[in-house]
Structures are given as C-alpha cells and as structure tokens.
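# Summary of structural features
What follows is the residue order along each chain.
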Amino acid sequence: MHSTSLYQQVKNVITPYVVEHKISFTVALSGGVDSVVLLHVMNALKAEVPQLQLNAVYVNHGLSEYANNWQSFCKKLCATLNITFYPAQVNIENKARTSLEELARDARYQALDHHSPTGSIILLGQHLNDQLETFLLRLKRGSGLQGLASMRQTRTLNSGRMCLRPLLNVTRQNIEQFADDFNLSHITDDSNSDERFDRNFLRGKVVPVLSEKFTGFEKSASRSISLLQQQQDVLDEYTQLDLAQSQNEHRGLSCEKMGVFSLPRQANVLRCWLGQFTRLMPSQKQTQQILLQGLTAQRDAQLLIQLAEGQVRRHQGYLYFVNESVTAQKEQSVTSDNQKLSDGGYLMSFRGEGVRSPFADEQVTVRFNCPQARIKPLKKPGHNTLKHWFKDAKVAPWLRANIPLIFYNEQLVFVVGHFVSAEHYEQEGIFWKIKI
C-alpha cells in the first residue's frame, strides 16, 4: 500500500501539517469507497508516522432506510483497525427556499465539527470526479468565476476548524481500483445511481462519455479549475482592498466611494460585502437593482430590497445589510485592550482624546441596546437619552442596538464611533474603536 501513487499523494498532502505539529485527523466516514479508502490510507500512514492521531465520524442523517446499517459497518471497520469511532445523529428540518441536499450538507459539517476532537483536522473523501461534477453543475446554473472555481483542497468552517480533501486530485477510477487491489470492503449506495438527480446524471451519462472521447479529460479539467482558483484568489486580494476603502466602521457600504468604480467592479465589491452577512447571494437582477437604486439616489433617499436572509437598506449615503434575526450582543466586562465581542468583532482601546481612565472602584463594561441610558455628549447641550442623541445624529435605527456602549459602573461614558461624555472627557485619555 505504501508504494502506491494514491498513498503517496495523500501522504504529500498530509505531511506539511504533520511538520507543523498538526497531527490529529478525523476522517468523515460514510462507508462509501472514497472515505473507506481514505481511512485505510490514513491508517497506513499512521503506521509510518506513529505520532499521528486518527479518528472517524459517521454522520447519520436518517434520510436512508439503510443509515443504521451503514453506521454499524463503519463502527465495525474502525474497531477492526483500532481507530476511535464517533457516531453522530442529526435531524434535518425542511426550510423554505433551501434544498434538502444543502440542509443535509450543512448538518453534516456541523456534526463533524461537533464530534471531532478539539484541534483535529477533518478529512473529506471528495475526489477529482466529484470536483468535475461540481464544476459542471455550476456551469449549468450559470455561475461566475467564484462558483466555477468549485471545491478547494482546504475549507475553514465557521468555528475556525479546518477541513482537508486529500483525494481531490485522485480520480474515482483510481480509488475504486485501489479498493479492489487491497480487497477493501465498502458500502454501495444505490441512490447514487438514480439519474433523476443532476449529479448522478452527470456521473453516469456525461463525464464517462467526455473521458472516453478526450484522453486525460479529468486531469485537464482539474488544471482549468486550479487556474480559476488562482484567478479568484488574485481577484479576492483586490476586492478586499476596494471593500476596505468603501466600508465604514459599522460595515456600511459607501455609495459615494462605490460610485467611482466601474459597474463590474461595483457588483464584485457588493457581493464581497454581502458575503460578510449571508451565503445566499442576490440574483443578477437584484444586484442591478441594488446598484441602480442605491448608488444613484439622493443622499437622504430610502431604500429597502428584500433578499433571502435579510434586507439591503440605505441610510445617509451608505448601504446596510439588516438581519432582524441576529442575536443581540452580550454585555461583558472590559478586561483587555483587544476585547473580543460576542459577534466575533473586537473592541480595541487606544490612548488619546477620549475619556479619563476609570477609578479603582469603577468597573468598565461594554453594553448594547440601552436607548434610555443618559449622557451629556461633548459639545452638545444638556443631558438626554441615547435614543435622543442617536436620532439627533441621524444614526439608522437598525444600527443602534449593536453600537458598543462603554460604562463606568452604571454611568455611560463613551458611545463608540459617536459620543464622548463631557463629564468624563480628557484630552489625553482613552477611546475605543471596533475592528471587524
């Protein structure tokens, strides 16, 4: 097994992580030939690299009548190989405008993340033919560069955990041949041959014809996808620069700064901006609507465009993504100059014009959504509620609840990005900013 090209390809992918002392790996084990071969190869690699730690997780979606049998198969296989096995049961709840396949995939990644040991890299069994099928499916849907770039060898989950696809440059034929050569038992899911499903139709009817007609078609397509990924990476670098100069501290998108870009560049930055809030991108028609109405309207014009997971709204020359279902941020003590907030952002403190340092008996906290808290802002007449001052400053209602408020004990002293308490003002004091 160690002398096969498939083993060497997997070893070449895994070795750089082991060199960096990342030695814990969890195979996403379905019982199919791809994941079974990956499990056996990783087990052989473990014999060569004894410090390597290997686990497996089977995700039981309950969508097939054979799911429990497949789980038993995976459990017995891991017991035979002396590999720690974790079963994960998930329940799929149907949602409007979301396919069952997408729901199952999301639930699978969440379960893999939850059941894998801390710090372990999740290994996925997708291979070159899966990549090619994904490319063709996205071509059918009219995807752009990002979609046609298909699957990356690495993927980072929302939790920060890494997923890795060691077989992504290996063909299905090579994997099946490897299983035959070493007499590796695996499960065959009959639903994978049901050509009513687009992916199965491509797998059974389209890709084999292309591969037979054009020698090396799979490898050539793989090179094209790799080039698309490189081009997307370059584009992403420039897009991030555009976004950085067009976005304010509240992640509002400046219509004025966007207005100097070409139309394709505007659409590109808009999609990147929306990607911070939602995975479901607007249609081409909706994109044109946002750009036309958002960037050409008067500064005080109102705009509301409903998207799948929220709204695009305009306020004082900026576009904002409003998601009413976002969980409110939590109050917390400020104990660091780089305080992580519950939404993943950071509250950073600096020395300069701001408020005096807290006294020994004053606890510093950051709070949110306190419209009745009172403050006398610097250079403003008298005390009043925060609600009053936000309205006076024309701060959009949907922004107010997530603006960090700094309290000394029960006294509001600083509203990040907006107000400084006149009673606590100090020229050489402390001030705070948000880092997204």
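What counts and how
Residues numbered from 1 in each chain as written. Predicted model: local features only at pLDDT ≥ 70, side-chain atom pairs only at ≥ 80, totals over all residues. Heavy atoms only, no water. UniProt positions renumbered as here; feature names shortened; annotations may be inferred. Salt bridge = Lys/Arg side-chain N within 4 Å of Asp/Glu carboxyl O. Helix = DSSP H or I, 4+ residues; strand = E, 2+ residues; numbered from the N terminus. Buried < 20%, exposed > 50% of the residue type's maximum accessible area, 1.4 Å probe, protein only. Axes fitted to C-alpha atoms, helices over the stretch in contact; angles between N-to-C directions. Left-handed = near helix turned anticlockwise from the far one by under 90°. Contact = heavy atoms within 4.5 Å. Nonpolar A, V, L, I, M, F, W, Y, C, P; charged D, E, K, R; others polar. Polar contact = N/O pair within 3.5 Å; in protein donor to acceptor, adjacent residues only side chain to side chain. Parallel < 35°, antiparallel > 145°, perpendicular 65-115°, else oblique. Pairing = 2+ DSSP bridges. Phe/Tyr/Trp six-rings, centres within 6.5 Å; stacked < 30°, edge-to-face > 60°.

Going by what an unreviewed UniProt entry lists, the protein is known as tRNA(Ile)-lysidine synthase and is assigned to Pseudoalteromonas neustonica. According to UniProt, the comment filed for the protein under the heading Subcellular location (unreviewed entry) is "Cytoplasm". UniProt, in the comment section headed Catalytic activity (unreviewed entry), describes the protein in these words: "cytidine(34) in tRNA(Ile2) + L-lysine + ATP = lysidine(34) in tRNA(Ile2) + AMP + diphosphate + H(+)".

### Thoughts on the pattern of salt bridges
A full pass over the atoms with the stated rule returns 15 salt bridges. In this structure, Lys140 engages Asp198 in a salt bridge whose closest nitrogen and oxygen atoms are separated by 3.5 Å. In this pair, Lys140 is assigned in helix 5 (residues 128–140) and Asp198 in helix 8 (residues 198–213), connecting sequence segments 58 residues apart. For Lys140, a relative accessible area of 54% corresponds to the exposed category. A salt bridge links Arg265 to Asp242, with the nearest nitrogen and oxygen atoms 2.8 Å apart. Of this pair, Arg265 sits in helix 11 (residues 263–274) while Asp242 sits in helix 9 (residues 217–246), and the two are 23 residues apart along the sequence. Connected through salt bridges with shared partners, the residues Asp130, Glu133, Arg172, Arg199 and Arg203 form a single ionic network.

### What about the packing of helix 5 against helix 9?
Helix 9 packs onto helix 5 with a crossing angle of 65° between their chain directions and a minimal axis gap of 10 Å. Like other packed secondary-structure pairs, helix 5 and helix 9 cross with a definite hand, here left-handed. Touching Leu128, Asn129, Gln131, Leu132 and Phe135 of helix 5 are Phe217, Glu218, Lys219, Ala221, Ser222, Ile225, Leu228 and Gln229, all from helix 9. Per-class residue counts for the contact of helix 5 with helix 9 are 7 nonpolar, 4 polar and 2 charged.

### Some remarks on the UniProt feature "binding site: ATP" (unreviewed entry) in the protein
Here, the residues flagged by UniProt with the feature "binding site: ATP" (unreviewed entry) are Ser30, Gly31, Gly32, Val33, Asp34 and Ser35. As for its placement among the helices and strands, Asp34 is situated in helix 2 (residues 33–48). Relative accessible area serves as the criterion here: at 22%, Asp34 is assigned to the partly exposed category. For Asp34, the contacting residues outside a window of four places in its chain are Gly125, His127, Asp130, Leu167 and Ile175. Topologically, Ser35 is positioned in helix 2. The exposure class of Ser35 is buried, given its relative accessible area of 4%. Not counting the four nearest positions on each side in its chain, Ser35 is found in contact with Val27, Ala28, Leu29 and Ser30. Here Ser30 takes part through its backbone nitrogen, which lies 3.1 Å from a polar atom of the side chain of Ser35.

### A few points about the packing of helix 5 against helix 8
At a closest axis distance of 10 Å, the pairing of helix 5 and helix 8 adopts a crossing angle of 110°. One way to sum up the angle between helix 5 and helix 8 is to call them roughly perpendicular. Contact residues: helix 5 offers Asn129, Asp130, Leu132, Glu133, Thr134, Leu136, Leu137 and Lys140, while helix 8 offers Asp198, Arg199, Leu202, Arg203 and Val207.

### Description of the sheet that holds strand 10 (residues 318–322)
Strands sit in the order 7-10-9-8 across an open sheet of 4 strands; the sheet is antiparallel. Unpaired on one side and paired on the other, strand 7 (253–254) and strand 8 (303–307) mark the two borders of the sheet. Looking at chain direction, strand 8 and strand 9 (residues 310–315) are connected through 5 bridges and run antiparallel. Within strand 9, the position partnered with Ile305 by the bridge is Val312. Of the strands in this sheet, strand 7, strand 8, strand 9 and strand 10 are in contact with helix 11, which crosses strand 10 at around 35°.

### Side note on the UniProt feature "domain: Lysidine-tRNA(Ile) synthetase C-terminal" (unreviewed entry) in the protein
According to UniProt, the feature "domain: Lysidine-tRNA(Ile) synthetase C-terminal" (unreviewed entry) maps to residues 364–436 in the numbering used here. Across residues 364–436, the secondary structure splits into 15% helix and 41% strand, with the terminal C-alpha atoms separated by 21 Å.

### With respect to the packing of aromatic side chains
Under the criterion given, the structure shown has 9 aromatic pairs. With 5.5 Å between their ring centres and 75° between their planes, Trp273 and Phe277 make a pair best called edge-to-face. On the basis of relative accessible area, Trp273 is assigned to the buried category, the value being 0%. When the ring of Tyr318 is compared with that of Tyr320, the centres are 6.4 Å apart and the planes differ by 40°; the resulting orientation is tilted.

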